[in-house]
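Understanding the architecture of this molecule
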Amino acid sequence: MNLEFLINTLSLGSLYALLAVGLVLVYGILKLVNFAYGEYLMVAGYAIYLSAILGAPWWATLIIAVVASMLVSFFTEIAAFRPVRTKSMDALLVTSFAVSIFLQNIVLLTISPRARAVPLPDFFSKTVVISGATLPLRNLLVIGTTAVVLVLLSFLMKKTVLGMAMRAAADKFTTTRLMGVPANFVISAAFLISGFLAGVAGIFWVGRSGSVDPLTGAAPLLIAFIATVMGGMNSPIGAVVGGFVYGLLFNILSIALPASMISYRDAFMFAIVVLFLLFRPEGIIRRGYTEERVG
Amino acid sequence: MTTPMLKVDDIHASYGAVRALHGISLEVNEGEVVALLGINGAGKSTTLKSITGVLRPTSGSVTFLGEDITSRSPEKIVKRGISLVPEGREIFGALTVEENLRLGAFVSYQRDRYKADLKEMFELFPILEERFHQPGGLLSGGEQQMLAIARALMAHPKLLMLDEPSLGLSPAITDDVFALITSLRERGLTILLVEQNAERALEVVDKAYLLANGLVEVSGSAEDIKKQVDIASVYLGGEDAEGGEVQL
């Protein structure tokens, strides 16, 4: 395997893993596939665009992007999801579509329906040559950033009481409340972390095309959704694995398909996923234990 | 007469259109061990759910230590000092024994006290020390029941409620559970126990309420209830109550 392919696959996989983990964290607790998740990435893109116009230095635009994504995630939960949370799952799902369309239309009306250029620091478009392979620096950055974020997230989930409470809530929500853990607390935390991941992923997502438009969130949402379904909806680990597998499949298809077929890449992609799920509907990562033993 | 620690006054509750409680009233005094008896569907678990705030009663009130806690959220009620060992144990399977206990201490956590609390749990349940770093889901049913009780005790409850603690356990483990209830009682802990195994329950409690169809049918001291065993056996499934487990 050549180095270029390896790095490209790892970088694509990293980005998809970030996307997928953000989606699965909220799913784990609320059992809601948040279809507004893609819009949190879009918000990150517009936050860079707007803060750069206002003259913020590049590092500040990136911080603002992540914070904006977290805040939008946090407040959409409070304003939209919380009021319907106890009603029904269907209401939650429909609400997530409503939030998605609402956020798209806000930028459509207040900024523009057309794409806006997102100014990113120069090093995003630089390339480096490592043992003969020419690699975009951006690809190395996304691998490093994802590694750091996933290590931090894993520390949070395993070693802090908040993490324990979130894992418990994903397993048995009512029982977690019976421990005295406030429901709103874990849900808000999940949305904040989900927004953080969307913000970080959003920087790299818009960094690839260098632009953002109101529909920027659609593709990453779809990728995150498929990656989590493939990896297994039960755990963040499944989402990470799903993200990397998706990235690998995508790159293999990009190379293997003849030029005339390359525009059907997504169709091949989805066909493979459908076939895979036919044989293993629970995803790659199963739950590693049975819920209860009789004894 | 002192005011009761827990006073449930004429609560009605329903699951959607299905009415489950038709006016349950009961009292638990400090230091007392009280049983709620009755067959499946009598309203025992629903009564506990109404007390813990998991289910909102449609009418009636729950007073705990002089404070009206009706329809408070479960997390606030735990903070007031009522802990529930839920039916079916409800262990967090992916979390280790250690993490289960740490979450049990969520409302009571004090750095300097925590270690001592754990040590106390290990004395009560030596198996938990052995299994400390294992996922709760890998424990046997009996071990999970011990963990569920320890997890509830970590909150330093003033009132401990146990929902069917012997359900699905072998007779030997059931003996352990009842021995434990006796020892907790000796420590002065106030306990509200839901049991189908009425005979065993009546051995360890001061007072009992016999529920049927969402109403309190009979109540009184454990001795009184035992004397009315003819009436009671109707509700307790007759012969089945003699065995270790009630099959329904």
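Residues numbered from 1 in each chain as written. Chains lettered and ligands numbered in written order. Predicted model: local features only at pLDDT ≥ 70, side-chain atom pairs only at ≥ 80, totals over all residues.

**A closer look at the overall build of chain B**
Looking only at helices and strands, one finds 10 helices and 10 strands in chain B. A compact globule built from 248 residues would reach a C-alpha radius of gyration of about 18 Å, and chain B, at 17 Å, matches this within 12%. Expressed as lengths along the three principal axes of its C-alpha atoms, the size of chain B is roughly 45 × 40 × 40 Å. For chain B, the residues scored as buried account for 46% of the 248 residues in total. (Helix = DSSP H or I, 4+ residues; strand = E, 2+ residues; numbered from the N terminus. Rg over C-alpha atoms; globule rule 2.2 N^0.38 Å. Buried ≥ 20, exposed ≤ 12 C-beta atoms within 10 Å, placed from the backbone.)

**Looking at the sheet that holds strand 9 (residues 207-212) of chain B**
The strands making up a sheet associate through backbone hydrogen bonding, with each pair oriented either parallel or antiparallel. Residues and elements named next belong to chain B. The 6 strands lie next to each other as 6-7-8-3-9-10, forming an open sheet whose pairing is mixed. Sheet topology places strand 6 (82-85) and strand 10 (215-221) at the edges, where each strand pairs with a single neighbour. Strand-to-strand twist across the sheet, computed as the mean angle between neighbouring axes with direction ignored, equals 15°. By the bridge criterion, 4 bridges tie strand 3 (residues 33-37) to strand 9 in an arrangement that is parallel. When the bridges of strand 9 are listed, leucine 37 appears paired with leucine 210. Across the face of the sheet, helix 7 (residues 171-186) comes into contact with strand 3, strand 7 (159-163) and strand 8 (190-195) while running at roughly 160° to strand 8. (Pairing = 2+ DSSP bridges. Axes fitted to C-alpha atoms, helices over the stretch in contact; angles between N-to-C directions. Contact = placed C-beta atoms within 7 Å.)

**Regarding helix 6 (residues 141-153) of chain B**
Residue and element names in this part refer to chain B. Given a rise of 1.5 Å per residue, 13 residues ought to cover 18 Å, and the 18 Å separating the end C-alpha atoms of helix 6 matches this to within 8%. The element helix 6 is largely enclosed, with a buried count of 12 among its 13 residues. Tucked inside the fold, the buried residues of helix 6 contact strand 6, helix 3 (97-104), helix 4 (111-124), helix 5 (126-130), strand 7 and helix 7. (Expected span 1.5 Å × (residues − 1).)

**Considerations on the packing of helix 1 (residues 3-30) of chain A against helix 8 (residues 183-209) of chain A**
In a packed pair of helices, the relevant descriptors are the angle between the two axes and the axis-to-axis distance. Residue and element names in this part refer to chain A. Relative to each other, helix 1 and helix 8 sit at 165°, their axes nearing to 9 Å. Judged by the angle between their axes, helix 1 and helix 8 are roughly antiparallel. When the axes of helix 1 and helix 8 are compared, the crossing they make is left-handed. Taken together, the residues of helix 8 that come into contact with helix 1 (itself represented by Leu15, Leu18, Leu19, Val21, Gly22, Leu25, Val26, Ile29 and Leu30) are Val186, Ile187, Ala190, Phe191, Ile193, Ser194, Leu197, Ala198, Val200, Ala201, Phe204 and Trp205. Residue composition of the contact of helix 1 with helix 8, grouped by class: 19 nonpolar, 2 polar and no charged. (Parallel < 35°, antiparallel > 145°, perpendicular 65-115°, else oblique. Left-handed = near helix turned anticlockwise from the far one by under 90°. Nonpolar A, V, L, I, M, F, W, Y, C, P; charged D, E, K, R; others polar.)

**Observations regarding the confidence of the model for chain A**
Averaged over all residues, the pLDDT of chain A is 92; the fraction at 70 or higher stands at 97%. In this model, residues 288-295 of chain A is a region of pLDDT below 50 whose contacts with residues beyond four sequence positions or in other chains number 17 contacts. (pLDDT = per-residue confidence, 0-100.)

**A short note on the environment of A:Ala170**
Residues and elements named next belong to chain A. Tracing the sequence through the fold places alanine 170 in helix 6 (residues 161-171). Take alanine 170: there are 25 C-beta atoms within 10 Å of it, and that puts it in the buried class. A C-alpha to C-alpha distance of 8.8 Å links alanine 170 and valine 26, two positions 144 residues apart in sequence. Leaving out residues up to four positions away in the same chain, alanine 170 has contacts with Gly28 and Ile29.

**Here we look at the interface of chain A and chain B**
Chain A puts 23 residues into the contact, and the matching count from chain B is 28 residues. For the side of chain A that touches chain B, the element with the highest residue contribution is helix 6 of chain A, accounting for 6 residues. Looking at the side of chain A that touches chain B, its residues break down into 11 nonpolar, 5 polar and 7 charged.

**Structural notes on the confidence of the model for chain B**
All names here are of chain B. Across chain B, the average pLDDT comes to 89, with 92% of residues at 70 or higher. Of all the helices and strands in chain B, helix 10 (residues 229-236) carries the lowest mean pLDDT, 52, while helix 3 carries the highest, 97. For the stretch residues 238-248, pLDDT sits under 50, and the model shows 17 contacts to residues farther than four places along the chain or on other chains. Interface confidence for the predicted complex, given as ipTM, is 0.89, next to a pTM of 0.90.

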